[in-house]
Structure formats: structure tokens, C-alpha cells
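Coordinates in review
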Amino acid sequence: SKIRFLCLDCVSNSSILYVRVIRLSRVLSMSRKVSLAVISCILTSFVSLRQRILSAVQKNATRGDPRSVIRAIDQFCSQKEWAMNVGNEKGCILDSVVSEVNPATVLELGTYCGYSTVRIASLLPPYAKFITLEFNPDFAAVARQVIAWAGLEDKVKIKPCLVEGASSDWIPKIKEQFGIKTFDLVFLDHWKEHYLSDTKLMEECGLLRKGSVLLADNVICPGAPDYVEYVRSSPRYKSHYFRSHLEYTKAEENLWYLGIIE
Ligand SMILES: C[S@@+](CC[C@H](N)C(=O)[O-])C[C@H]1O[C@@H](n2cnc3c(N)ncnc32)[C@H](O)[C@@H]1O
Ligand SMILES: [Mg+2]
């Protein structure tokens, strides 16, 4: 409990960290190296994964270079800690869909730390409108910093519009609030139980048109069986399946690429 107290103290004022290390080493009769290691272990548990991802970006990526931001996150998540970004393998599929569709309007459901947002935004034409929805304010705050580090606003003149709130609340308001008629591309990557209800909601709100493309991540792992059943059995959808792996693992996974027909 002494270590915990001292560490909490350090968290509140990192400039006195070194002093605390010395004091801790005296209290516990440990070498400074050992006390520093103990402190850093405990500190790590107080700093969230999203903050560690942000630090990896700030440490290893070049400001204004979106691809270096992607690389820094992939490196961190494949070598150090797993995180729920779409990852590089499926990210390449995402890139190719974005390049093929060349969308003027894009909706992303689930921003997390902004990894896929940076991937998508860096490939969009300057006139594109891109909305990304995230209901967790802590994730949204980190995503804003990651997006800013990638320099997307200045460099490609696309400001991915990060909207905080739940998809079911925002989807009905998108037309009115953002002056968007329909989406050319929707990337579904939020909680899997919302895929089907949000797809139906987008249909009801007239946000999908003939030719709109929906790309849904993680439909097998963790899985969105009701969504897969719906698009597979609906004559409105033509579906294409990409075989891939769950981000940063070898677990089998796939995305579905869906064009709406007539
Ligand atoms: C898998 S992560 C997104 C990963 C991100 N697309 C990437 O590849 O970098 C899913 C995110 O969706 C958010 N989320 C889940 N359900 C949501 C909802 N109904 N509305 C808005 N955000 C949601 C979660 O907070 C989480 O940050
Ligand atoms: Mg995902």
C-alpha cells in the first residue's frame, strides 16, 4: 500500500517522480533501479491503453504524415499490446475499397483511437465529406489528437468530422445537421450488436442509395450473425466476402463488402 500511495502521488505530479523514487527506495530498502521498475509497472496500469497508443504515435510517427501514424500504431499493437483497430491486414482491404469507390461521402461507425479514420481520410479526395461517430468521449479525445498528429486537416484539406454520440441518436440527424443526402461508403466497426439495427436505420433515413457500399468489420469474430443473415438473404444487397484475420492475430475473420443493388 505504501508503493501504491507513492505512485498515486507521482501520477498527480510527475515532476517529483525522481524524488519519490529515492524516497521509495529508502522506505523499502530497495535499489533505485528496482523501485523505478516497480513504479513504472504500477504507473502503466494507471495509464490507459488509448494513452499508450497516443504516446506511441507521438514518439514514433512524423507529424503530418498519416502513413507514419498508421505504422506507429500497427507496430505498437502487433509488438506490444493488442488493440481493436482494424489493423494492417484488413486495413489494406479497407484502403483498396476506399480507392475503388472513391467516395464523396463516407460514414464510419466506431472511431476508437482514429486508426481507420486516418487510413480512410488520407485516401479521400479534397471535396469529400467524412463523418466518424464515437460514443466514448475518452476515445474521441485521443482520436482527435491522433487525427491532428496525422495532419489531415492541413494536408489533404479533409477534416474528418468526429462526432461524439451514439450511432442510433446521430443517424436520424445526419441529413439535417451535415447536409449529406446519401453515403457512398459506410464502414461499420462499432459494437457488433448494432450493425443490423443501424443498417436498417440508415435505410429508413434514406442515407443509402443504389450503389452505396457498406464494409463491415468483424462479422465472424466477434461476429454479427444477424447482420450477415440480413444482407445475405436480402435481394437488395450484393455481397462480397474478404477472407482475412482478426487484427494483429492469426484468428480467422472476415469483412463483407456490400453494394446495394436496384
Ligand atoms: C472496434 S472499435 C473501432 C476501431 C476503429 N474503427 C479502427 O479501426 O481504428 C469500436 C468503437 O466503436 C465505439 N462504439 C460502439 N458502439 C457505438 C455506437 N453505437 N455509437 C458510437 N460509437 C460506438 C466504441 O466505443 C469503440 O471505440
Ligand atoms: Mg473492428
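The present account deals with the structure reproduced in this document.

Conventions adopted
Residues numbered from 1 in each chain as written. Chains lettered and ligands numbered in written order. Predicted model: local features only at pLDDT ≥ 70, side-chain atom pairs only at ≥ 80, totals over all residues. Heavy atoms only, no water. Donors = N, O, S within 2.8 Å, 3.2 Å for Na, K, Ca; no water. Buried < 20%, exposed > 50% of the residue type's maximum accessible area, 1.4 Å probe, protein only. Near = heavy atom within 4 Å. Polar contact = N/O pair within 3.5 Å; in protein donor to acceptor, adjacent residues only side chain to side chain. Areas by Shrake-Rupley, 256 points an atom, 1.4 Å probe, with all protein chains shown as cover. 1 Å grid on protein atoms, 1.4 Å probe; cavity = no way out; pocket = protein on both sides within 12 Å on 5 of 7 lines; lining within 4 Å. Sits in = over half its atoms within 2 Å of the grid points. Helix = DSSP H or I, 4+ residues; strand = E, 2+ residues; numbered from the N terminus. Disulfide = S-S within 2.5 Å. Points joined across faces, edges and corners; volume = space filled by probe spheres on them. Pairing = 2+ DSSP bridges. Axes fitted to C-alpha atoms, helices over the stretch in contact; angles between N-to-C directions. Parallel < 35°, antiparallel > 145°, perpendicular 65-115°, else oblique. Contact = heavy atoms within 4.5 Å. Nonpolar A, V, L, I, M, F, W, Y, C, P; charged D, E, K, R; others polar. Core = buried A, V, L, I, M, F, W, Y, C linked by side-chain atoms within 4.5 Å.

This next bit is on the coordination of the magnesium ion (ligand 2). The protein atoms that coordinate the magnesium ion (ligand 2) are Asp189 (OD), Asp217 (OD) and Asn218 (OD1), at distances spanning 2.1 to 2.2 Å. One chain supplies every donor to the magnesium ion (ligand 2), and in sequence these donors are spaced D-x27-D-N. In terms of burial, aspartate 217 and asparagine 218 fall into one category: buried.

Neighbouring ligand 1 are 21 residues, the closest being Val86, Gly110, Ser116, Glu134 and Asp189. Tryptophan 191 places a polar main-chain atom, nitrogen or oxygen, 3.4 Å from a nitrogen atom of ligand 1. A total of 600 Å² of accessible area belongs to ligand 1 in isolation, and the protein chains cover 98% of it. At a threshold of 2 Å from the grid points, most atoms of ligand 1 map onto the largest pocket. For the shell around ligand 1, the elements supplying multiple residues, two or more each, are α7 (115-121) and β2 (129-134).

A word on the state of the cysteines. Throughout this description, disulfide means a covalent bond between two cysteine sulfur atoms. For the coordinates displayed, the defined rule picks out zero disulfides. The closest cysteine sulfur to the non-disulfide-bonded cysteine 161 is located on cysteine 205, 17 Å from its own sulfur. With no disulfide partner, cysteine 221 has as its closest neighbouring cysteine sulfur the one in cysteine 77, 16 Å distant.

Attention now goes to the layout of surface pockets. Approximately 380 Å³ is the volume attributed to the largest pocket. Forming the boundary of the largest pocket are 28 residues, of which Met84, Gly110, Asp189, His190 and Trp191 lie nearest the centre. Computed from the structure, the second largest pocket encloses a volume of approximately 210 Å³. Where the lining of the second largest pocket is concerned, the elements lending two or more residues are α4 (49-60) and α5 (66-79).

Moving on, we get to the pairing of strand β6 (residues 237-245). Of the strand pairs in this sheet, β6 and strand β7 (residues 252-260) are connected by nine bridges, and their pairing is antiparallel. Bridge pairing in β7 places tyrosine 237 opposite isoleucine 260. Counting the residues that bridge the hairpin from β6 to β7 gives six residues, and of these tyrosine 248 lies at a positive phi of roughly 60 degrees.

This part is about the packing of α4 against helix α8 (residues 137-149). At a closest axis distance of 10 Å, the pairing of α4 and α8 adopts a crossing angle of 5 degrees. Relative to α8, α4 is oriented roughly parallel. For the pair α4 and α8, the contacting residues are Arg50, Gln51, Leu54, Val57 and Gln58 in the first and Asp138, Phe139, Val142, Gln145, Val146 and Trp149 in the second. Residues belonging to the contact of α4 with α8 are distributed by class as follows: six nonpolar, three polar and two charged.

What follows covers the nonpolar core. Formed by 44 residues in total, the largest nonpolar core has its most connected members in Ile53, Val69, Ile73, Val97, Ile120 and Leu215. Elements that contribute at least two residues to this core include exactly α4, α5, α6 (87-101), α7, α8, β4 (185-188), β5 (213-216) and β7. Residues within four places of isoleucine 53 in sequence aside, it is in contact with Ile73, Phe76, Cys77, Ala83, Tyr112 and Cys113. Val163, Val186, Trp256 and Leu258 belong to the second-largest nonpolar core, a separate cluster that totals 29 residues.

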